[in-house]
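If you want the building blocks of each chain, they are given just below.
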Amino acid sequence: MSAPAEAEAIDRIGSGTRVRTPRAHQAALLDQAVSAVRSHLDPTVALLRCPRGSGFWLVLESLAFALLLLHRARSAGADDGDVGLAGRIVDAVLQAQNRKLLSPDHGTFPVLWTPERRQRSVPDPDSREILGTLLAVLIEDHLDAMGPARTAQLREAVRRTVRPAQTPAGDGTAMRMLSAWLDLHYGDRFRGERMVTEISSMEPATLTEGRVGNPRAYALELWAISLWQRSPRLSAQADALVGDVLGEAVRDVHPQMPELFGAATTCAAAREDQFPWLGAWLTWHALGPVPMLPKSLGDPLLATLYALPAAAGLQVPVATTARRPAGSELALTHRLGSHELSGWCEQSLLIEARESPVTRLAHTPVVGARWQTSAGHNAWLRCLTSDAQRARCRKRFVHLDRPGRVTVEVFNLGPSGARMIEHGWWLSGLHFATDGLQLVQAERTERCLSLTLRPSGTDPLLMFSPLP
């Protein structure tokens, strides 16, 4: 591609480079993230080693690490070999892409990659959109560092990530936004315009329902918004969304614990490794008091997630920067379609309850709570009911409406464990009590404490009180 044609293409997919001089704390985050991740790099294949599988390497995290290296080198005005290393990582990531035209996974990337044909790579259902847009940002923001030959390979790789006509877009608003952006700039423009229209016409409550309680969904929607902000065609819609998404995230994150309101009752299983997806954005923009520095992560490879907000260059409305004081108390609510979440947040406790008039969803908790134990780590509780799925939180009290059999499961109590008292339990750092419920069975395993209860009154009640 000639230089004028290349410039025209870049102008078509965005409004120019997003690499800006980072603020002081952002530069420190970049340095810490690169330092934390570099020791996991396997120089023989130029990919990050998978800590849980011998002979496998991580693809998404490796590409994110390359972006971190390029962003730091560009913003700091220094190289120190970072650009060359990033180029080798990008080459290795491109090698992992499925290029078989007749394969249903054509254009996708694996979660884990191995050069050994006898070992099967682990496919990634989101690889089309996430890695496709990350590769596109390499073209837009780091054209000089990539060089003409590698840029041509990148452009072809991004085109492969565009879903075929018979393949539906990924689940969730963020994945559809990413699909629409890729289609508009690399694939079927008509299909992209149709998806943009559909997303723009969605009700605010529907958009909220798709991300509440899911830190990864918040992070990917912010990433999608940043891509839309690059495009003159989509920037107005993106600007209208960014304040709502960031403001909602800042409000719903506990000010002292990395917990997100809605996570215990909207997700079937707790995922402790999900919060860093959102925490990276909040820390990068200094929008919340919850720290997410690489040195504090259980898995240093999660520091690669800083590549998303660093490369995004997101335009943050001033109104979203207001923080909630760490010691404040707050009642929380979300109306999501046919059901409503209500909750209570205070210094070391987060409670939430679900009220739904529709048929009960299998394996979905009706009540959830998280708190800090006396040892300083986080424990969590979830409550499932056999009949009606209706519960409402009023401060530290949760009212159940004709619940039938009630199952309460408590996790991560630590060595101090649990002790039964009259009308309730001492749970490491929390007094949990009930009213109108009778204990039928209690079982303690290595995984959790499980309580089975049945109603003994007309207004069953759960009560939570943090212990000093």
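Refer to the structure above for everything that follows.
Every value quoted in this text rests on a predicted model; they were computed, and no experiment measured them.

**Some remarks on the overall build of the chain**
Moving on, step 1. Within the chain one finds 14 helices and 19 strands.
Moving on, step 2. The 468 residues of the chain split such that 56% are buried.
Moving on, step 3. Entry remark: accessible area of the chain is about 20400 Å², with carbon and sulfur atoms responsible for 53%.

**Section: the pairing of strand β8 (residues 349-355)**
Moving on, step 1. Along β8, six of the seven residues are buried, which leaves the element largely enclosed by surrounding structure.
Moving on, step 2. Pairing of strand β7 (residues 339-346) with β8 involves seven bridges; the strand directions are antiparallel. Across the sheet, G343 pairs through a bridge with E352, a residue of β8.
Moving on, step 3. Counting the residues in the hairpin turn of β7 and β8 gives two residues.
Moving on, step 4. As paired strands, β8 and strand β9 (residues 367-372) are joined by five bridges and run antiparallel to one another. Bridge assignment links L349 to a residue of β9, and that residue is W371.

**Looking at helix α3 (residues 60-76)**
Moving on, step 1. Taking 1.5 Å of rise per residue, 17 residues should cover 24 Å, and α3 covers 24 Å from first to last C-alpha, within 8% of that figure.
Moving on, step 2. Most of α3 is tucked away, with 14 of its 17 residues classed as buried.
Moving on, step 3. At the exit of α3 stands G77, carrying a positive phi of roughly 70°.

**Comments concerning helix α11 (residues 235-252)**
Moving on, step 1. Under the 1.5 Å per step criterion, the end-to-end length of α11 is 26 Å for 18 residues, consistent within 8% with the ideal 26 Å.
Moving on, step 2. Maximal helix bending in α11 amounts to about 30°, located at L241.
Moving on, step 3. Along α11, the residues classified as buried are A238, L241, V242, V245, L246, E248, A249, V250 and D252.
Moving on, step 4. For α11, the elements touching its buried residues are α7 (173-186), α9 (204-209), α10 (215-230), α13 (275-284) and β6 (330-336).

**Re the packing of α3 against helix α4 (residues 82-95)**
Any two packed helices are characterised by how steeply their axes cross, that is the angle between the axes, and by the distance between the axes.
Moving on, step 1. Across the interface, α3 lies against α4 with an axial gap of 9 Å and an inter-helix angle of 155°. Between α3 and α4, the crossing angle belongs to the class labelled roughly antiparallel. As α3 runs across α4, the sense of the crossing is left-handed. For the pair α3 and α4, contact is made by S62, L63, F65, A66, L69, L70, R72 and A73 and by D82, V83, L85, A86, I89, V90 and V93, respectively.

**Comments concerning the side chain of D252**
Moving on, step 1. Relative to the assigned elements, D252 resides in helix α11.
Moving on, step 2. A distance of 2.7 Å separates the side chain of D252 from the side chain of H334, its partner in a polar contact.
Moving on, step 3. D252 has contacts with Y218, E259, L260, F261, L332 and H334, leaving out every residue within four places of it along the chain.

**Examining the nonpolar core**
A general trend in soluble globular proteins is that nonpolar side chains are found buried together.
Moving on, step 1. One finds I89, L135, L138, W223 and W228 to be the most contacted residues of the largest nonpolar core, which totals 107 residues.
Moving on, step 2. Setting aside its immediate chain neighbours within four residues, I89 contacts L41, A46, L47, S62, L63, F65, A66 and L69.

**Notes on the sheet that holds strand β16 (residues 430-435)**
Moving on, step 1. Read across the sheet, six strands follow the order β11-β12-β19-β16-β15-β14 without closing on themselves; strand pairing throughout is antiparallel. Each having just a single partner strand, β11 (391-394) and β14 (418-421) make up the two edges of the open sheet. On average, each strand axis in the sheet is tilted by 20° relative to the strand beside it, whichever way the strands run.
Moving on, step 2. Here six bridges tie β16 to strand β19 (residues 461-466), and the two strands are oriented antiparallel to one another. By the bridge assignment for β19, H431 is matched with S465.

**Examining the packing of aromatic side chains**
Moving on, step 1. Inspection of the entire model under this criterion finds three aromatic pairs.
Moving on, step 2. Centre to centre, the rings of W57 and W113 are 6.4 Å apart; their planes meet at 50°, and the pair counts as tilted. Of the two residues, W57 sits in strand β3 (residues 57-58) while W113 sits in strand β4 (residues 110-113), which places them 56 residues apart along the sequence. By the burial criterion, W57 is buried, and W113 matches it.
Moving on, step 3. On the numbers, 5.4 Å between centres and 45° between planes, the contact of F432 with F464 is tilted. One end of the pair, F432, is in strand β16; the other, F464, is in strand β19, and 32 residues separate them in sequence.

The rules behind the values
Residues numbered from 1 in each chain as written. Predicted model: local features only at pLDDT ≥ 70, side-chain atom pairs only at ≥ 80, totals over all residues. Heavy atoms only, no water. Helix = DSSP H or I, 4+ residues; strand = E, 2+ residues; numbered from the N terminus. Buried < 20%, exposed > 50% of the residue type's maximum accessible area, 1.4 Å probe, protein only. Areas by Shrake-Rupley, 256 points an atom, 1.4 Å probe, with all protein chains shown as cover. Pairing = 2+ DSSP bridges. Expected span 1.5 Å × (residues − 1). Bend = angle between axes of the 7 residues up to and from the residue. Contact = heavy atoms within 4.5 Å. Axes fitted to C-alpha atoms, helices over the stretch in contact; angles between N-to-C directions. Parallel < 35°, antiparallel > 145°, perpendicular 65-115°, else oblique. Left-handed = near helix turned anticlockwise from the far one by under 90°. Polar contact = N/O pair within 3.5 Å; in protein donor to acceptor, adjacent residues only side chain to side chain. Core = buried A, V, L, I, M, F, W, Y, C linked by side-chain atoms within 4.5 Å. Phe/Tyr/Trp six-rings, centres within 6.5 Å; stacked < 30°, edge-to-face > 60°.

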